[in-house]
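Here is how the chains run, residue by residue.
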Amino acid sequence: MAQPDRTNEIRELLQRRILVLDGAMGTQIQTYGLDEAAFRGDRFANHPRDLKGASDVLAITNPTILDEVHRKYLEAGADIIETNTFNAQAISFADYDLQPYVYEINKACAEICRKAADDFSTPDKPRFVAGSMGPTNRTASLSPDVNRPGFRGVSFDELVDAYYEQARGLVDGGVDILLPETTFDTLNLKAALFAIEKLFADTGITLPVIASITITDASGRTLSGQTVEACWNSISHAPLLAVGINCALGAEEMRAHVEEISKLAPIFISCYPNAGLPNALGGYDETPSMMTEVLRDFAANGWLNIVGGCCGTGFEHIRMIAETVAALPPRVPPVIEPHLRLSGLEALTVTPESNLIVVGERTNVTGSPKFAQLIKAGDLDAGLSVAKQQINGGANILDVNMDEGLLDSEQVMHDFLNLIASEPDIARVPIMVDSSKWSVLESGLKCLQGKSVVNSISLKEGEEVFKQHARLCKRYGAAVIVMAFDEQGQADTVERKVEICSRAYDILVNDVGFDPTDIIFDVNVLTVATGMEEHNAYGINFIEGVRQLREKFPLANTSGGISNVSFSFPGNNVVRDAIHAGFLYHAIRAGVRM
């Protein structure tokens, strides 16, 4: 049955000491030398596919083995043991035709762990169960076919459905923690976190969540190309207890990355490396003493809150780690300066000292005739050249808009963003998903592993729709541009601009739980010199609105489409450029950031 939320209990323990996670489960199962019959058991004696290697199924067919391994790790000193469910979701289970058994296997694995942990728990040393949720065997950000860069072997929605069912079984089986781990593609992890938050919202149950990423090699990046900082920015929206790094590397090879994330994240840090790098036979040679020596150094440097082992580690590794870190103090999470932090493959931090952030808007079918012509002709590959020109020209963020009546905007947005993901020179910057239709915005968000910007949401359709869209933006991990637009229309006076944006800010921060730094006000740059007297103050109203909002909400940012101010001078580029220069100078001084 579902456990009560033990977040406060675990948080208190983490403030007092370093907690120890168990070691590799697969490594230990291999020592039993199980044959096909042992994996099948009576339950799957007539199953149509071979099951040898599907260790998750042992919870049903050979649970005693799992129980023995869990108890040996507990005896070695583990505070947290993981369920044997690394591959137990429908996507990975498709290889074995085990999809109908996802919930049952996850629940059974959790129950085995729960019983062992409870048997070892004491008031002085409580034990906890973490529900292991592996990355699946598919990547949402990368194509499995080099000849089809826009193709994906799995969709965001398929990942969410798979992780939701897995998490449901783990929660009902009694885990204390949910642990999406070994993440090589941040979009997969975002789908897991989305599914977990959806499950919590649907059931009213809340448990602590730990996310663990995998840095695949010396490049310091995930398999899908993100740096550690970019990856952290992508998942920092989630209410995580801890974030960490595991697998792929030994402790020494992991050193720089653990140090980096320890400085970046204001939450607890986990680290569970492999027992070195694999040898020529696929085994691991790092002894318990070798591994512990490095991890002792990590702890002494103040980088660790949770530590354990991944591939190749065993009971003696965990025993020696537990004995060693018992005498060392836990890391104290740092206080991080509050700034807007976005990411593509690389991180972008917007601070008061930053130069004006330039948004490349030529990948917009409503603003660029050349781009629109290419997209309407179905030439998305040629459209990438426009995106590259924007990046080469200095764009810090790339705006993508596909709002055109003759296009299937949702599909084209999806296809084009998938192509962008295959171009590292473009994908390194954050994406601004731009549309007047929520369905198009959502289609784009499901393609992006980085922390993107939604352009835009507003109060135009009322508070309930605004809250619904804002909650989903937060769950997808996006910052939002908020238009100064409400049920009565677009704000043109200073008073209306400040009133609408203040109302939106209050809803976002106090009702939805948005980080104030993820709010960007678009205070409406409107056209001046139209011949109508009431339009003459539009430029000043924008600048004054920005100034007042910056003073009132210093953690939020403001943006503006500067070219709008001079639309009354079509074709007169000399005049328009002069207007833009003067207007931008005063707008930046007032507080415009992009």
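To be clear, the structure that these remarks concern was listed above.
Residues numbered from 1 in each chain as written. Predicted model: local features only at pLDDT ≥ 70, side-chain atom pairs only at ≥ 80, totals over all residues. Heavy atoms only, no water.

Draft legend 1. Expanded view of unusual backbone geometry. The amide bond that connects Asn455 to the next residue, Ser456, takes the cis arrangement and shows omega of 15°. Following the sequence through the fold, Ser456 ends up in strand E14 (residues 453–457). Unlike most non-glycine residues, Thr182 shows phi in positive territory, near 55°. Its place among the elements puts Thr182 in the loop between strand E4 (177–180) and helix H9 (186–203). A positive phi angle, near 65°, is found at Cys247, a position not held by glycine. (Helix = DSSP H or I, 4+ residues; strand = E, 2+ residues; numbered from the N terminus.)

Draft legend 2. Spotlight on the pairing of strand E7 (residues 268–274). Burial analysis of E7 places 7 of its 7 residues in the buried class, the great majority of the element. Where strand E6 (residues 242–250) lies against E7, 6 bridges are found, and the strand directions are parallel. Looking across to E7, one finds that Gly250 is bridged to Asn274. As for the winding sense of the linkage, the β-α-β connection from E6 through helix H11 (residues 251–264) to E7 is right-handed. Read as a crossover between parallel neighbours, the route from E7 over helix H12 (residues 288–300) to strand E8 (residues 306–307) is right-handed. (Buried < 20%, exposed > 50% of the residue type's maximum accessible area, 1.4 Å probe, protein only. Pairing = 2+ DSSP bridges. Right-handed = clockwise from strand over helix to strand, strands pointing away.)

Draft legend 3. Just H11, in detail. Under the 1.5 Å per step criterion, the end-to-end length of H11 is 19 Å for 14 residues, consistent within 8% with the ideal 20 Å. Along its length, H11 shows its largest kink, about 30°, at His257. Residues of H11 that are buried: Ala251, Met254, His257, Val258, Ile261, Ser262 and Leu264. Where the residues of H11 are buried, they touch helix H10 (228–235), E6, E7 and H12. (Expected span 1.5 Å × (residues − 1). Bend = angle between axes of the 7 residues up to and from the residue. Contact = heavy atoms within 4.5 Å.)

Draft legend 4. Structural view of the sheet that holds strand E2 (residues 80–82). The parallel open sheet is built from 3 strands, whose spatial order is E2-E3-E4. Single-partner strands in this sheet number two, and they are E2 and E4. For this sheet the average axis-to-axis angle between neighbouring strands, irrespective of direction, equals 30°. Note that E2 and strand E3 (residues 128–133) share 3 bridges and pair parallel. Across the sheet, the residue bridging to Ile80 is Phe128, located in E3. The strands that H9 touches are E3 and E4; relative to E4, the one it contacts most, it runs at about 160°. (Axes fitted to C-alpha atoms, helices over the stretch in contact; angles between N-to-C directions.)

Draft legend 5. Local environment of the environment of Ile579. The residue Ile579 is located in helix H22 (residues 573–590) in this model. Judged by its relative accessible area of 22%, Ile579 falls in the partly exposed class. In sequence terms Ile579 and Asn137 are 442 residues apart; their C-alpha atoms lie 54 Å from each other. If near-sequence neighbours (up to four positions away) are discounted, Ile579 is found in contact with Val565, Ser566 and Phe569.

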